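So the chains spell out like this:
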Amino acid sequence: MYRFLILFLMLSVSCSEHQPEQKVEIQKNKKVVIAHRGASGYLPEHTLPAKAMAYAMGADYLEQDVVLSKDDVLVVIHDIHLETVTDVAKKFPMKKRKDGKYYVIDFTFEELKQLNVSERFDPATGKAVFPNRFPVFTSAFKLHSLQEEIEFIQGLNISTGKNIGIYPEIKDPAFHRKEGKDISKIVLKVLNDYGYKTKKDNCILQCFDAKELKRIRNEYKSELFLVQLTEFKTDEKLEEIATYADGIGPWYYQIIDGKDKNGKWKITNLVANAHKLNLTVHAYTFRADQLGDFNSFEELLQVALYEANVDGVFTDFPDKAIGFIDKNK
Ligand code: CA
């Protein structure tokens, strides 16, 4: 009897290592808020402070864009190059490629850790891309790995008793392949190591590259919840997408197509057609400081969430989206 008990305890200890506490189905009937690059409207994108803030604001998912370093570490950063959010040009001027860019893949993780991270800026002028956000090159921010961020979120899940999901995006797999690296294989390995294996593990994996996402499902046999990101002309591809993915991540201009003669926003069929195929729709990117033709952030959220009926939004301002959804409950 004791032998069985000890064996059981050993098994449960080894299985629970790195595993998220609870299992949660991706929620179908709830509007979800995905913190786009963290609470990036308030703090430099993809820094751990920006993730902590988004977590505290109550986002359902925190997003990670991932790119490989020279020594195969998955780095959480939006671009495959560094000069738009770091001081790389000052620290490693010799590492510039002919096109004037500094590629993450040319740096070891140890070198990347030496860089200071800033609010996004235009490297030609040094000016902030979003002038009213956190000031460029102030305070102290660093790059980190996907593992470090997963440990950060899983640690918060333990200390708060919540179960907040991760939402990694594999960046430019074709570029990585050209550089001799299979980024998807490494991402899947890390996710698996940290207990993200099936649709119940509160992880959504996203990618723009359709061939790659198909490969992740069919060749790597991933059982994760997969989202196909799209920019244009998604409708005709929906049936194909439904064969390997669980959802789509369209640009919101694919869903809201200008105004009609009476000044009412026109909604395309994309969300309805996706829902018919049982595809979840998480649209991007909702920014309170980049409204286009909308009069207010609330108007944009109202049209996307309740007129077009998207299931979730990627937003730089998770607090505002959460507040809006709560008011509409
Ligand atoms: Ca992304």
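Since the structure is predicted, the reported quantities are computational estimates derived from the model, not experimental observations.

Colleague: So what's going on with the overall build of the protein chain? Which residues, and what values?
Modeller: Per the secondary structure count, the protein chain includes 12 helices and 11 strands. Here the C-alpha radius of gyration of the protein chain, 20 Å, is about what a compact globule of 329 residues would show, namely 20 Å. Of all 329 residues assigned to the protein chain, the portion counted as buried reaches 51%. Restricting the contact set of the protein chain to residue pairs at least 6 apart, pairs at least 24 apart contribute 67%. If you sum the accessible surface of the protein chain, you get close to 15900 Å²; carbon and sulfur atoms cover 54% of it. If the 46 positive side-chain charges of the protein chain are averaged to one point and the 48 negative ones to another, these points end up 1 Å apart.

Colleague: Lay out the side chain of S40 with the relevant residues and their values.
Modeller: Along the chain, S40 turns up in the loop between β1 (32-35) and α2 (48-57). A distance of 2.8 Å separates a polar side-chain atom of S40 from the backbone oxygen of H36. The contact partners of S40, leaving out residues within four places of it in the chain, are E45, E119, R133 and D316.

Colleague: Please provide a residue-by-residue account of the state of the cysteines, values included.
Modeller: On inspection of all chains with the given rule, the structure shows zero disulfides. There is no disulfide at C203, and the cysteine sulfur nearest it, in C207, is 13 Å away. Under the relative-accessibility criterion, C203 is labelled buried at 0%.

Colleague: Help me get a handle on the pattern of salt bridges, residues and values and all.
Modeller: Counted according to the given criterion, the structure contains 25 salt bridges. D87 is the partner of K91 in a salt bridge, and the nearest nitrogen-oxygen pair spans 2.7 Å. By relative accessible area, which is 37% here, K91 ends up partly exposed. Salt bridges sharing common partners tie together R37, E45, D79 and R120.

Colleague: Tell me what's going on with the coordination of the calcium ion, and back it up with residues and numbers.
Modeller: For the calcium ion, the protein coordination sphere consists of E63 (OE), D65 (OD) and E169 (OE), at 2.2 to 2.3 Å. Sequence positions of the donors to the calcium ion reduce to the motif E-x1-D-x103-E. Highlighted residues: D65 in strand β2 (residues 61-68) and E169 in strand β4 (residues 165-170), separated in sequence by 104 residues. You can call D65 buried: its relative accessible area is 1%.

Basis of the calculations
- Residues numbered from 1 in each chain as written.
- Predicted model: local features only at pLDDT ≥ 70, side-chain atom pairs only at ≥ 80, totals over all residues.
- Heavy atoms only, no water.
- Helix = DSSP H or I, 4+ residues; strand = E, 2+ residues; numbered from the N terminus.
- Rg over C-alpha atoms; globule rule 2.2 N^0.38 Å.
- Buried < 20%, exposed > 50% of the residue type's maximum accessible area, 1.4 Å probe, protein only.
- Contact = heavy atoms within 4.5 Å.
- Areas by Shrake-Rupley, 256 points an atom, 1.4 Å probe, with all protein chains shown as cover.
- Lys, Arg positive; Asp, Glu negative; His and termini not counted.
- Charge placed at Lys NZ, Arg CZ, Asp CG, Glu CD.
- Polar contact = N/O pair within 3.5 Å; in protein donor to acceptor, adjacent residues only side chain to side chain.
- Disulfide = S-S within 2.5 Å.
- Salt bridge = Lys/Arg side-chain N within 4 Å of Asp/Glu carboxyl O.
- Donors = N, O, S within 2.8 Å, 3.2 Å for Na, K, Ca; no water.

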